[in-house]
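This is what each chain is made of:
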Amino acid sequence: MPEYIVFVMPPSDEDAEPFDIPELGYGDAVATAERYRERGWKACIIDYGMPFVPWRAGRLDGPDIRVMARTCDEACIRARAISHDCISFQRED
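The structure contained in this document is the topic of the report that follows.

Calculation notes
Residues numbered from 1 in each chain as written. Predicted model: local features only at pLDDT ≥ 70, side-chain atom pairs only at ≥ 80, totals over all residues. Heavy atoms only, no water. Patch = residues over 30% accessible without salt bridge, like charges linked within 9 Å, V, L, I, M, F, W, Y side chains within 5 Å. Areas by Shrake-Rupley, 256 points an atom, 1.4 Å probe, with all protein chains shown as cover. Salt bridge = Lys/Arg side-chain N within 4 Å of Asp/Glu carboxyl O. Lys, Arg positive; Asp, Glu negative; His and termini not counted. Charge placed at Lys NZ, Arg CZ, Asp CG, Glu CD. Buried < 20%, exposed > 50% of the residue type's maximum accessible area, 1.4 Å probe, protein only. Pairing = 2+ DSSP bridges. Helix = DSSP H or I, 4+ residues; strand = E, 2+ residues; numbered from the N terminus. Axes fitted to C-alpha atoms, helices over the stretch in contact; angles between N-to-C directions. Contact = heavy atoms within 4.5 Å. 1 Å grid on protein atoms, 1.4 Å probe; cavity = no way out; pocket = protein on both sides within 12 Å on 5 of 7 lines; lining within 4 Å. Points joined across faces, edges and corners; volume = space filled by probe spheres on them. Nonpolar A, V, L, I, M, F, W, Y, C, P; charged D, E, K, R; others polar.

Regarding a negative patch on the surface
Moving on, step 1. A surface patch of negative charge is lined by Asp13, Glu14, Asp15 and Glu17.
Moving on, step 2. The class for Asp15 is exposed, based on a relative accessible area of 83%.

Below is the structure:
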């Protein structure tokens, strides 16, 4: 059973959807995330089994962005794919 998930967000110019990669160990997860980051993709490591929760991303201009994510890092990646001007992130439990 995997212990970690690497969440990967392709660049906006790629014709691909975000996806998860299961990894057995932390070292493997770090290596996978780094491979994608070197290619300009966004990636973060998440403990396996973390639930999705609602997050609110505050913006300088415009309405806040709401996303479902497992961690703050994932929320940052998801929200900034929508708008690069996100400045704060808060769980909405």
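Quick word on the sheet that holds strand 3 (residues 42–47)
Moving on, step 1. If you walk across this open sheet you meet the three strands as 2-1-3, and the pairing is antiparallel. Taken across any chain shown, the strands that pair with only one partner, and hence form the sheet edges, are strand 2 (19–23) and strand 3. Sheet twist, expressed as the mean angle between neighbouring strand axes with direction ignored, is 25°.
Moving on, step 2. Sheet topology places strand 1 (residues 4–9) next to strand 3; six bridges connect them, and they run antiparallel. By the bridge assignment, Phe7 is partnered in strand 3 with Cys44.
Moving on, step 3. Contacts from helix 1 (residues 26–38) reach strand 1, strand 2 and strand 3 within the one sheet, and its direction differs from that of strand 3 by about 165°.

Side note on the pairing of strand 5 (residues 65–69)
Moving on, step 1. Burial of strand 5 is one-sided: the residues Ile65, Val67 and Ala69 facing one way are buried, the residues Arg66 and Met68 facing the other way are not.
Moving on, step 2. With five bridges connecting them, strand 4 (residues 53–59) and strand 5 associate as antiparallel partners. Following the sheet pairing, Pro54 is matched in strand 5 by Met68.
Moving on, step 3. In textbook terms, the turn of a hairpin is the stretch between consecutive antiparallel strands, and for strand 4 and strand 5 this stretch comprises five residues, one of which, Gly62, has a positive phi near 100°.

A few points about the layout of surface pockets
Moving on, step 1. Taken as a whole, the largest pocket holds about 340 Å³ of empty space.
Moving on, step 2. In terms of lining, the largest pocket is formed by 15 residues, of which the most central are Met9, Pro10, Pro11, Ser12 and Ala81.
Moving on, step 3. Take the lining of the largest pocket: its biggest share by element is four residues, from helix 2 (residues 72–82).
Moving on, step 4. Here the residues of the lining of the largest pocket are counted per class, giving eight nonpolar, three polar and four charged.

Here's the deal with the pattern of salt bridges
Moving on, step 1. Counted by the stated rule, this structure contains eight salt bridges.
Moving on, step 2. The partner of Glu92 in a salt bridge is Arg56, with the nearest N and O atoms 3.9 Å apart. In this pair, Glu92 is assigned in the segment after strand 6 (86–91) and Arg56 in strand 4, connecting sequence segments 36 residues apart.
Moving on, step 3. Under the relative-accessibility criterion, Glu92 is labelled partly exposed at 27%.
Moving on, step 4. A salt bridge links Glu74 to Arg78; the nearest nitrogen and oxygen atoms lie 3.0 Å apart. Of this pair, Glu74 and Arg78 both sit in helix 2, four residues apart, which is roughly one turn of the helix.
Moving on, step 5. It is possible to trace a salt-bridge network through shared partners that takes in Asp20, Arg70, Glu74 and Arg78.

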